[in-house]
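# Architecture at a glance
So the chains spell out like this:
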Amino acid sequence: MIKKEPMLNVLFFIERLTCGGQQTYMLNILKNTKCFTIYTAYFVNGPMKKDFDKISKKSYQMGTYSLNLKYYIKRPYYFVKILMELRKIIKEDKINIIITNGFMSYFFGCLSKLIVKVKVVRYIGCDLLRSERFHFVKRFNKFPLHKLTDLIFGYEDILKQHEKKGVDKRKLAYRLGNLQGVDTNLFFPFSNKTTRELSRRYKLNKENIIISWHGRIDYDKEIHHTIRMLTFLKLKKFNQFTFLVVGDGPSMSEVKNDLQNNDLIGNTVFAGMQSHWYINNFFNITDIEVLLDKDPLGGSHI
């Protein structure tokens, strides 16, 4: 008789449950991994909460005081409070593994290992030289969180960055098998009639090439590089394009100013924030989806 392996209790600890490439990627991995009982902890609620609730036995919202480490350094009471909340979840739900994502969840996840028995895994889906420069460049060895980490997985170039920093190769998962991080059932071609109807809905000129951006609009996203590319097209006297912006974010006003200053606002259509369930609509009316480099920071997990 074959002995059945016990299920592992896994806590996925993330900063925000917003609609992003990394949230969607991890949702699909966790959903398709049959040997885990999933629990979710997060700081900031968002539209993907219902999706994570479906796959989680329990969900916890941690104290939403701040996502800035300096806040907790100056207020040790809240620092300890978050750590004790995490310790309680790990002990009561018998958590075996914490999978962390952004720096704050990773930071508290690593510290929890000092006070309770648990393994810490980090998924990284972006270039830390940009998104976590304050720690990764200046304080990586001064505060060696990687020594408290059992496994790091994600984009291959990120793992190479860690290897150059002296992280133990045995902790870097270059190959994790065929992880199902993308729900391919969401992506399929529409009929010509449906595509035409969608184009009319968003008032897209059928004579133009549709160049689209999908993702959160923030200072560290490649949309700024995309605008420079569109400016280059204008300088080359090519104007037969529409820039379709799907998403929203804290840098939207900056992006609109940039488009205005470069005479691109007349070429731009803003579709606003959209559920990841409807992204296929926009792929079907797009001619060119711009991914300007190999780093997945711009949502290229989709």
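Everything quoted here is computed from the prediction, not taken from an experiment. (Residues numbered from 1 in each chain as written. Predicted model: local features only at pLDDT ≥ 70, side-chain atom pairs only at ≥ 80, totals over all residues. Heavy atoms only, no water.)

Taken together, the four strands give an open sheet; going across it, the order is E10-E9-E8-E11, and neighbouring strands pair in parallel fashion. Edge positions in the sheet fall to strand E10 (268–272) and strand E11 (288–289), since each of these pairs with one other strand and no more. Examined bridge by bridge, strand E9 (residues 241–246) and E10 share four bridges and lie parallel to one another. Bridge pairing in E10 places Val-245 opposite Phe-270. Contacts from helix H10 (residues 223–235) reach strand E8 (209–214) and E9 within the one sheet, and its direction differs from that of E9 by about 170°. (Pairing = 2+ DSSP bridges. Helix = DSSP H or I, 4+ residues; strand = E, 2+ residues; numbered from the N terminus. Contact = heavy atoms within 4.5 Å. Axes fitted to C-alpha atoms, helices over the stretch in contact; angles between N-to-C directions.)

A separate point is the sheet that holds strand E2 (residues 36–44). One open sheet holds the seven strands; their spatial order is E3-E2-E1-E4-E5-E6-E7, and the pairing between them is parallel. A single partner strand is all that each edge strand has here, and the edge strands are strand E3 (56–61) and strand E7 (172–173). By the bridge criterion, four bridges tie strand E1 (residues 8–16) to strand E4 (residues 97–100) in an arrangement that is parallel. By the bridge assignment, Leu-11 is partnered in E4 with Ile-98. Against the sheet, helix H1 (residues 21–31) touches E1, E2, E4, strand E5 (119–124) and strand E6 (151–154), its axis set at about 170° to E1. Across the sheet, helix H4 (residues 76–92) lies against E1, E2, E3 and E4, angled at about 155° from E1, the strand it touches most.

We now examine the packing of aromatic side chains. A complete count under the given rule lists 17 aromatic pairs for this structure. Aromatic side chains Phe-103 and Phe-107 sit 6.0 Å apart centroid to centroid with 25° between the ring planes, which places their arrangement in the stacked category. Of the two residues, Phe-103 and Phe-107 are both situated in helix H5 (residues 103–112); the distance of four residues between them amounts to about one turn of the helix. Put simply, the rings of Phe-13, Phe-43, Tyr-71, Tyr-72, Tyr-77, Tyr-78, Phe-79, Phe-103, Phe-107 and Phe-108 touch in pairs and so form one group of aromatic residues. (Phe/Tyr/Trp six-rings, centres within 6.5 Å; stacked < 30°, edge-to-face > 60°.)

All right, on to the environment of Thr-100 then. Note on placement: Thr-100 falls in strand E4. Note: C-alpha distance between Thr-100 and Asn-141 (41 residues apart in sequence) is 20 Å. Once you skip the residues sitting within four places of it in the chain, Thr-100 turns out to touch Phe-13, Ser-105, Tyr-106, Gly-109, Val-121, Arg-122 and Tyr-123.

Let's shift gears to a nonpolar patch on the surface. On the surface, Val-80, Met-84, Leu-114 and Ile-115 cluster together into a nonpolar patch covering about 350 Å² of accessible area. You can see Met-84 is positioned in helix H4. (Patch = residues over 30% accessible without salt bridge, like charges linked within 9 Å, V, L, I, M, F, W, Y side chains within 5 Å. Areas by Shrake-Rupley, 256 points an atom, 1.4 Å probe, with all protein chains shown as cover. Salt bridge = Lys/Arg side-chain N within 4 Å of Asp/Glu carboxyl O.)

With that out of the way, let us pick up the pairing of E5. Consecutive side chains of a regular strand alternate in pointing toward one face of the sheet and then the other. Of all six residues in E5, five are buried, a share of seventy percent or more. As paired strands, E4 and E5 are joined by four bridges and run parallel to one another. By the bridge assignment for E5, Ile-98 is matched with Val-120. Regarding topology, H5 serves as the crossover connection from E4 to the parallel E5, and that connection is right-handed. (Buried < 20%, exposed > 50% of the residue type's maximum accessible area, 1.4 Å probe, protein only. Right-handed = clockwise from strand over helix to strand, strands pointing away.)

What follows deals with the pattern of salt bridges. Inspection of every chain in the model, using the stated rule, returns nine salt bridges. The closest approach of N and O atoms between Lys-58 and Asp-93, which form a salt bridge, is 3.0 Å. Of the two residues, Lys-58 is situated in strand E3 and Asp-93 in the loop between H4 and E4; the sequence distance between them amounts to 35 residues. Look at Asp-93 and you get buried, because its relative accessible area is 6%. Linking Arg-170 and Asp-168 is a salt bridge whose minimum nitrogen-to-oxygen distance equals 2.8 Å. The class of Arg-170 is exposed, set by a relative accessible area of 74%.

A word on H10. Here H10 is 13 residues long and its end C-alpha atoms lie 19 Å apart, about the 18 Å a rise of 1.5 Å per residue gives. Looking only at H10, the buried set comprises Ile-223, His-224, Thr-226, Ile-227, Leu-230, Thr-231 and Lys-234. Projected onto a plane normal to the axis of H10, the buried residues spread over an arc of 150° and lie on a single side. Of the exposed residues in H10, the ones pointing more than 90 degrees away from its buried face are Arg-228 and Leu-235. (Expected span 1.5 Å × (residues − 1). Arc of directions from axis to C-beta.)

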